[in-house]
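Tertiary structure, described
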Amino acid sequence: MSGPCPNITGFPMSNSSSVTSIPVATLGTPRIGPRRELKTALENYWSGRIDEASLLKTAAQLRADNWARQKARGVTVIPSNDFSFYDQVLDTSVMVGAIPDVYNWTGGEVSLATYFAMARGSQGEDAACEHGHVHHHHGHGAPAQEMTKWFDTNYHYMVPEFSKEQTFALSSTKPIDEYREARALGYRTRPVLVGPVTFLKLGKSHDASFSNLSLLDRLLPVYIEVLNKLATEGADWVQLDEPCLVLDLDANEKAALKTAYSELALKVPGTKIMLATYFGELGDNADLVAKLPVAGVHLDLVRGKGEIDTVLSKMPADRVISLGVIDGRNIWRANLPAILDRIEPVVTGRGAHLIEIAPSCSLLHVPIDLDQETALDADLKSWLAFSLQKMSELSALGRALAVGRNTVKDELAASAAAAAARKASPKVHNKAVAERVAAITADMANRRSAFARRAQIQRARFKLPVFPTTTIGSFPQTSDVRKARAAFAKGTITMAQYDEFLREETRRTVEWQETIGLDVLVHGEFERNDMVQYFGEQLSGFAFTKSAWVQSYGSRCVRPPILFGDVSRPKPMTVEWWKYAQSLTKRPMKGMLTGPVTILNWSFVRDDIPRSKSCRQIALAIRDEVTDLEKAGATMIQIDEAALREGLPLRRSEWKTYLDWAVGSFRITASGVADETQIHTHMCYSEFNDIIDAIGAMDADVISIETSRSKMELLDAFVTYKYPNEIGPGVYDIHSPRVPDVEEMTGLIEKARSHLTADQIWINPDCGLKTRGWPEVRSALTNMVEAARQARGAA
């Protein structure tokens, strides 16, 4: 399976006298469409406004447009099967027939209804949304699969579920269908699949007695069948993504990789595999990769910039190397001359015919087109590159490497000028901020008393019942809320009118929370467009886009802020809204903030200073807000760190450094208040076992976590560690439209009680309720309050 790179797209080969470019690949591209057409189609389908045929037609058009855009930008190695209705791991589960029994699949091709039941859950019967539209639910009703983050990105995937008796069978021909579809349009693509070992490694099982990797021998025949079908259709190259190769791998995992690729080489000898690794260095896995029988290897040279010479020295002389030199996860314009200085010796030494140029990873993680941003500061815009612009950068590099820099001299000059301007810009650097960060002391990260003392003071102050109930923060952002926000942005309603609308939404929400009996209230966050953007818009050093959407999961899209400069807080951000909400009730009203690590991890961050430095700048700004809330009378303040764990480096050797500055930044925000002020935090889908010491070190009085999809399994870490503080394990999965009944929630509370003491437990949903509709929220929270009441009676 080794050999020179074939001419897969009709371009002259790099060792030809007529060569115009070294092959340029993308590895994968955004799926959502320039105007989020996929989001619109999915939500229309789920609501019953369009049928399956219309959804499939939209998907086909998105794929066709995507292939055309790549070709127009000079991409010569165009991927297929990088499109997904939800995520590529779920697609793989469906492809191989890894469908849990709860979905009542009986074999054959997996239906779209089953696919979306795995992704979103189902009620068991059709249900009307708040506007009266019928939602299509899978007939039997089932919870969604567990969801977690794709390595250390902000993208989610549905976690595969396996059992010891697991069997696999080809149950979706999507990779073959989309390759055939592209070829009919004139594109000779390189299909993309999640590699078999990464797929198994990312899965979970409720049976601890076996390893997922023991299923490899059963799984490989399906991969072999898919590759053979692709070969029959004419695909001579296939990209297999094995990002697990940048992790710490044990002997069994390394053996599984050897077995998998040896078997594929034996059973699919006519197919050349581009083994794609990304999100980090190969490190000690380089020797393993060098020995695998694959035709090509992709290297992430943004995250693994220091290992190129070492890795190449190990690779077989005839192996194609894909150089991932353009950042696929951030939006900064590349310094093209500097990149050429770095890789020209590689191309010369190895031979241009054995080189591809690519982004560090799939471009899924960046917005589509910078040209849509017409309102950005001109200087800032000149420093940026989105997916399409990155393709142009790659094309310029490919031409420069093939026929000389002079052929792209204008592109290179503009790139170098932008890099120099950004480095010197006063818009980026603020002396006062730098001085304040330098003045941080150790005492600023410590509460006045230990938790045990604070807990006594707070319990006496609040007099809450056992199993107190609350929510995480946001309530449904209905179409009326979105319309009002859009009207205000367009100037069709005044600030006074918009403010009155928001006040009325807040008042109704506070009153309803009191009516159903929640113990600790929130104001609903109707004034907030996003939990990060809302704060970033009020902090210096951040910029925002109009159309730079990226996919988080399914139809969920976000526009990450751009952290381009030093950060400070010009004025209070949330105090007035908290004061208004608290005036409506005598019950505790939480002040709601987003923590510095989450703001950092959910933004496109600077690449010119360490992330730790930016995080401390944000921490000081949020600390100012916390102390102002306390001065205004707030007795409970929630500082969400939903993304703390997802920023964890992929290699354990780097964990301590990250956790030290991440936890330290959180503590800076939270430690300026009195003992009687209760600090809450929230963390999203996370595996806590490995970082439980760091969670304890955060020293929040109450932490709420997402546990409903894992059926409280995530609490195992808190038992072993004997976590002393209070915890709100989620009993309602807000990522699904499914409404759990009282009995189900009571069962989850009972499981929590087997892990924790009664006086530690709070009752709350998994996460904020922004993306849900009011009918399901009313039903679910009413059930949640009743479940807490029943639990109190049993305590």
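Residues numbered from 1 in each chain as written. Predicted model: local features only at pLDDT ≥ 70, side-chain atom pairs only at ≥ 80, totals over all residues. Heavy atoms only, no water.

Per an unreviewed UniProt entry, the recorded name for the protein chain is 5-methyltetrahydropteroyltriglutamate--homocysteine methyltransferase, and the organism is Afipia broomeae ATCC 49717. Quoted verbatim from the Catalytic activity (unreviewed entry) field of the UniProt record, the comment on the protein chain reads "5-methyltetrahydropteroyltri-L-glutamate + L-homocysteine = tetrahydropteroyltri-L-glutamate + L-methionine". Listed in UniProt under the heading Pathway (unreviewed entry), the comment for the protein chain reads: "Amino-acid biosynthesis; L-methionine biosynthesis via de novo pathway; L-methionine from L-homocysteine (MetE route): step 1/1." (UniProt positions renumbered as here; feature names shortened; annotations may be inferred.)

1. A closer look at the packing of helix α1 (residues 37-47) against helix α2 (residues 52-72)
How two helices sit against one another is set out by the angle between their axes and by the gap between those axes. Taken N-terminus to C-terminus, the directions of α1 and α2 make an angle of 170°; their axes are 9 Å apart at the nearest point. Between α1 and α2, the angle is such that the two are roughly antiparallel. Taken together, the residues of α2 that come into contact with α1 (itself represented by Glu-37, Leu-38, Ala-41, Leu-42 and Tyr-45) are Glu-52, Leu-55, Thr-58 and Leu-62. (Axes fitted to C-alpha atoms, helices over the stretch in contact; angles between N-to-C directions. Helix = DSSP H or I, 4+ residues; strand = E, 2+ residues; numbered from the N terminus. Parallel < 35°, antiparallel > 145°, perpendicular 65-115°, else oblique. Contact = heavy atoms within 4.5 Å.)

2. Description of the UniProt feature "binding site: Zn(2+) 1" (unreviewed entry) in the protein chain
Feature annotation in UniProt assigns "binding site: Zn(2+) 1" (unreviewed entry) to the following positions: His-682, Cys-684, Glu-706 and Cys-767. Look at the named residues: they lie 86 residues apart in sequence, but the longest C-alpha span between them is just 8.6 Å, so in the fold they bunch up. Within the secondary structure, Glu-706 is located in the loop between β21 (702-705) and α25 (716-721). In this fold, Cys-767 is placed in the loop between α26 (742-753) and α27 (774-794). Using a relative accessible area of 14% as the deciding quantity, one classes Cys-767 as buried. With sequence-adjacent residues up to four places away left out, Cys-767 is seen in contact with Ile-472, His-682, Cys-684, Glu-706, Ile-734 and His-735. (Buried < 20%, exposed > 50% of the residue type's maximum accessible area, 1.4 Å probe, protein only.)

3. Topic: the pattern of salt bridges
For the structure shown, the criterion picks out 49 salt bridges. Its salt-bridge partner being Arg-405, residue Glu-344 comes within 2.9 Å of it at the nearest N-O pair. Note that Glu-344 is positioned in helix α11 (residues 336-350) and Arg-405 in the loop between α13 (387-403) and α14 (409-424), a separation of 61 residues in sequence. Judged by its relative accessible area of 26%, Glu-344 falls in the partly exposed class. Given the relative accessible area of 27%, Arg-405 is considered partly exposed. For Arg-454, the salt bridge goes to Asp-701, with nearest N and O atoms at 2.9 Å. With Arg-454 in helix α16 (residues 451-462) and Asp-701 in the loop between α24 (692-698) and β21, the pair connects residues that are 247 residues apart, well separated along the chain. Note on Asp-701: relative accessible area 0%, which makes it buried. In this structure, a network of salt bridges that share partners links the residues Arg-63, Asp-91, Lys-174, Glu-178 and Glu-181. (Salt bridge = Lys/Arg side-chain N within 4 Å of Asp/Glu carboxyl O.)

4. So, the nonpolar core
Counting 118 residues, the largest nonpolar core has Phe-199, Tyr-261, Leu-323 and Ile-357 as the members making the most contacts within it. The leading source of residues in this core is helix α7 (residues 216-233), at nine residues. Both domains that meet at this core, namely domain 1 (37-121 + 142-424) and domain 2 (451-794), each give it at least three residues. Not counting chain neighbours up to four residues away, the residues in contact with Leu-323 comprise His-298, Leu-299, Leu-301, Ile-308, Ile-343, Val-346, Ile-355, Glu-356, Ile-357 and Ala-358. In terms of nonpolar packing, the next biggest core, distinct from the first, is built from 95 residues, Val-481, Met-589, Val-626 and Ile-637 among them. (Core = buried A, V, L, I, M, F, W, Y, C linked by side-chain atoms within 4.5 Å. Domains from an automatic or database assignment.)

5. Brief notes about the domain arrangement of the protein chain
Domains assigned within the protein chain are domain 1 (37-121 + 142-424) and domain 2 (451-794). Each of domain 1 and domain 2 has a C-alpha centre, and these two points are 32 Å apart. Listed by partner, the interface residues are 51 residues for domain 1 and 41 residues for domain 2. Note on domain 1 versus domain 2: buried area summed over both sides is about 3,600 Å², and carbon and sulfur give 53% of it. On the surface where domain 1 and domain 2 come into contact, there are five salt bridges. For Arg-651, the salt bridge identified is with Asp-284, shortest N-O distance 3.0 Å. Joining domain 1 to domain 2, the criterion identifies 19 residue pairs in polar contact (both at pLDDT 80 or more). (Buried area = accessible area lost by both parts, 1.4 Å probe. Polar contact = N/O pair within 3.5 Å; in protein donor to acceptor, adjacent residues only side chain to side chain.)

6. A few points about the sheet that holds strand β22 (residues 726-729)
What the five strands build is an open sheet, ordered β18-β19-β20-β21-β22; its pairing is parallel. Each edge of the open sheet is held by one strand with a lone partner, namely β18 (591-594) and β22. Recorded for the sheet is a direction-independent mean angle of 20° between the axes of neighbouring strands. Here β18 runs beside strand β19 (residues 636-640); their pairing, made up of four bridges, is parallel. (Pairing = 2+ DSSP bridges.)

7. Quick look at the packing of aromatic side chains
Ring pairs (aromatic) are described by centroid distance and by the angle formed between their planes. For the structure on display, the rule yields 21 aromatic pairs. With centroids separated by 6.3 Å and ring planes inclined at 50°, the aromatic side chains of Trp-46 and Tyr-86 adopt a geometry described as tilted. One end of the pair, Trp-46, is in helix α1; the other, Tyr-86, is in the loop between β1 (79-80) and α3 (88-96), with 40 residues separating them in the sequence. What makes Trp-46 buried here is its relative accessible area of 8%. Here Phe-151 and Phe-279 contribute two aromatic rings whose centre-to-centre distance is 5.8 Å and whose plane-to-plane angle is 50°, an arrangement assigned as tilted. Of the two residues, Phe-151 is situated in the loop between β4 (147-149) and β5 (156-158) and Phe-279 in the loop between β10 (272-276) and α9 (286-291); the sequence distance between them amounts to 128 residues. Residue classification places Phe-151 among the buried residues on the basis of a relative accessible area of 13%. Linked through ring pairs, Tyr-45, Trp-46, Phe-83, Phe-85, Tyr-86, Tyr-115, Phe-116 and Tyr-553 together constitute an aromatic cluster. In this arrangement the basic side chain of Arg-120 is found over the ring face of Trp-46, its NZ or CZ atom lying 3.8 Å from the centre. Looking at Arg-503, its charged tip hangs above the ring of Tyr-580, at a distance of 4.3 Å from the centre. (Phe/Tyr/Trp six-rings, centres within 6.5 Å; stacked < 30°, edge-to-face > 60°. Lys NZ or Arg CZ within 6 Å of the ring centre and 35° of its normal.)

8. Brief notes about the pairing of strand β15 (residues 550-553)
Remark: a regular strand shows side chains that alternate across the two faces of the sheet. Two elements, β15 and strand β16 (residues 556-558), share three bridges in a ladder whose sense is antiparallel. Residue pairing for β16: Gln-551 is matched across the bridge by Cys-557. The hairpin formed by β15 and β16 contains two residues between the paired strands, and Gly-554 there has a positive phi angle of roughly 50°.

9. Overview of the sheet that holds strand β11 (residues 296-300)
Ordered in space as β1-β7-β9-β10-β11-β12-β13, the seven strands form an open sheet in which the pairing is parallel. At either margin of the open sheet sits one strand with a lone partner, and together these are β1 and β13 (355-359). Note: β11 against strand β12 (residues 320-326), five bridges, orientation parallel. By the bridge assignment, Gly-296 is partnered in β12 with Val-320.

10. Points about helix α8 (residues 251-267)
Look at α8: 24 Å from first C-alpha to last across 17 residues, which is about the 24 Å you get at 1.5 Å a residue. Residues of α8 that are buried: Glu-253, Ala-256, Leu-257, Ala-260, Tyr-261, Leu-264 and Ala-265. All buried residues of α8 lie within an arc of 160° about the axis, which places them on one face of the element. Exposed positions of α8 whose direction lies more than 90 degrees from the buried face are Ala-251, Asn-252 and Leu-266. If you follow the buried residues of α8, they end up packed against α6 (196-202), α7, β9 (237-241), β10 and α9. Its side-chain oxygen placed 3.1 Å from the backbone nitrogen of Asn-252, Asp-250 serves as the N-cap of α8. (Expected span 1.5 Å × (residues − 1). Arc of directions from axis to C-beta.)

11. Structural notes on α3
By the criterion of burial, α3 is predominantly enclosed, with nine of the nine residues buried. Looking at α3, one finds that the buried residues are Gln-88, Val-89, Leu-90, Asp-91, Thr-92, Ser-93, Val-94, Met-95 and Val-96. Tucked into the core, α3 has its buried residues touching α4 (112-120), β5, α5 (174-184), β7 (190-194), α6 and α7. Near the N-terminus of α3, the side chain that reaches the backbone nitrogen of Val-89, with its oxygen 2.6 Å away, is that of Asp-87. At the C-terminal side of α3, Gly-97 shows a positive phi close to 75°.

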